[in-house]
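Structural features, examined
Here are the chains, one letter per residue:
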Amino acid sequence: MWERTLVVAIFFGGMFLYDSITLRGKMAKKDKWIYALIVAACLYMAIDYVVNKDWLDYFDVVEQILNGPAQLINNMLGGPG
């Protein structure tokens, strides 16, 4: 677990250092909210990686949303069902 924590700390530290240098003064308020939302999603997945639990992943969310339409398109095209 300590190795995973170190990997996440290095990743986020490098990301925030790079972003603070390159994005300083260039982001509008709306852009900052979008950036914070993306960082929050990445932080959730980083914590999931560190604790190594079977939490809800992005694939699970996308599968729940798109599984119905994908099945309908597949059936319409005559694919296996």
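Right above here is the structure, for reference.
We note that N52 has phi near 55°; this positive angle belongs to a residue other than glycine. Along the polypeptide, N52 turns up in the loop between helix 2 (29–51) and helix 3 (58–76). Of the residues examined, N52 reaches a relative accessible area of 54% and is grouped as exposed.

Moving on to the packing of aromatic side chains. Applying the stated criterion across every chain yields a total of three aromatic pairs. Between the aromatic rings of F11 and F12, the centroid separation amounts to 5.1 Å while the plane-to-plane angle is 75°, which identifies the pairing as edge-to-face. Where F12 meets F16, the ring centres are 6.0 Å apart and the plane angle is 35°; that geometry is what we call tilted. In this pair, F12 and F16 both sit in helix 1 (residues 2–22), four residues apart, roughly one turn of the helix. F12 sits in the buried class, given a relative accessible area of 7%. By the ring-pair criterion, three or more aromatic residues cluster together here, those being F11, F12 and F16. Its end group placed over the ring of Y49, R4 keeps NZ or CZ at 4.6 Å from the ring centre.

Moving on, we get to the packing of helix 1 against helix 2. When two helices pack together, you describe them by how their axes are tilted relative to each other and by the distance separating the axes. Interhelical geometry of helix 1 versus helix 2 gives an angle of 165° and a closest axis separation of 9 Å. Accordingly, the angle class assigned to the pair helix 1 and helix 2 is roughly antiparallel. For the element pair helix 1 and helix 2, the recorded crossing hand is right-handed. Residues R4, T5, V7, V8, F12, M15, F16 and D19 of helix 1 touch helix 2, and the partners they reach there are Y35, V39, C42, L43, A46, Y49 and V50. Class assignment of the residues belonging to the contact of helix 1 with helix 2 gives a composition of 12 nonpolar, one polar and two charged.

Definitions and limits used
- Each chain has its residues counted from 1, following the order in which its sequence is written.
- Confidence filtering applies because this is a predicted model: local features only for residues at pLDDT of at least 70, side-chain atom pairs given and counted only at 80 or more, and all residues used for totals across whole chains, interfaces and linings.
- To get the side-chain values, take all heavy atoms of the structure and skip hydrogens and water.
- Numbering of helices and strands runs from the N terminus; a helix is a DSSP stretch of H or I covering at least four residues, while a strand is a stretch of E covering at least two.
- Type-normalised accessible area, obtained with a 1.4 Å probe on protein chains alone, sets the label of each residue: buried when under 20%, exposed when over 50%, and partly exposed for intermediate values.
- Centre distance within 6.5 Å is the pairing criterion for rings of Phe, Tyr and Trp, where only the six-membered ring of Trp is used; planes under 30 degrees apart are then read as stacked, over 60 as edge-to-face, and the remainder as tilted.
- For a Lys NZ or an Arg CZ to count as sitting over a ring, it must be within 6 Å of the ring centre and within 35 degrees of the ring normal.
- Think of each axis as a best-fit line through the C-alpha atoms, taken over the contacting stretch in the case of a helix, with angles from 0 to 180 degrees between the N-to-C directions.
- Just so you know how the angles are binned, under 35 degrees is roughly parallel, over 145 roughly antiparallel, 65 to 115 roughly perpendicular, and the rest oblique.
- By the definition used in this description, the sense in which the near helix is turned from the far one sets the handedness, with an anticlockwise turn below a right angle giving left-handed and a clockwise turn giving right-handed.
- For this analysis, residues touch if any pair of their heavy atoms sits within 4.5 Å.
- Think of it as three bins: nonpolar holds Ala, Val, Leu, Ile, Met, Phe, Trp, Tyr, Cys and Pro, charged holds Asp, Glu, Lys and Arg, and polar takes everything else, Gly as well.

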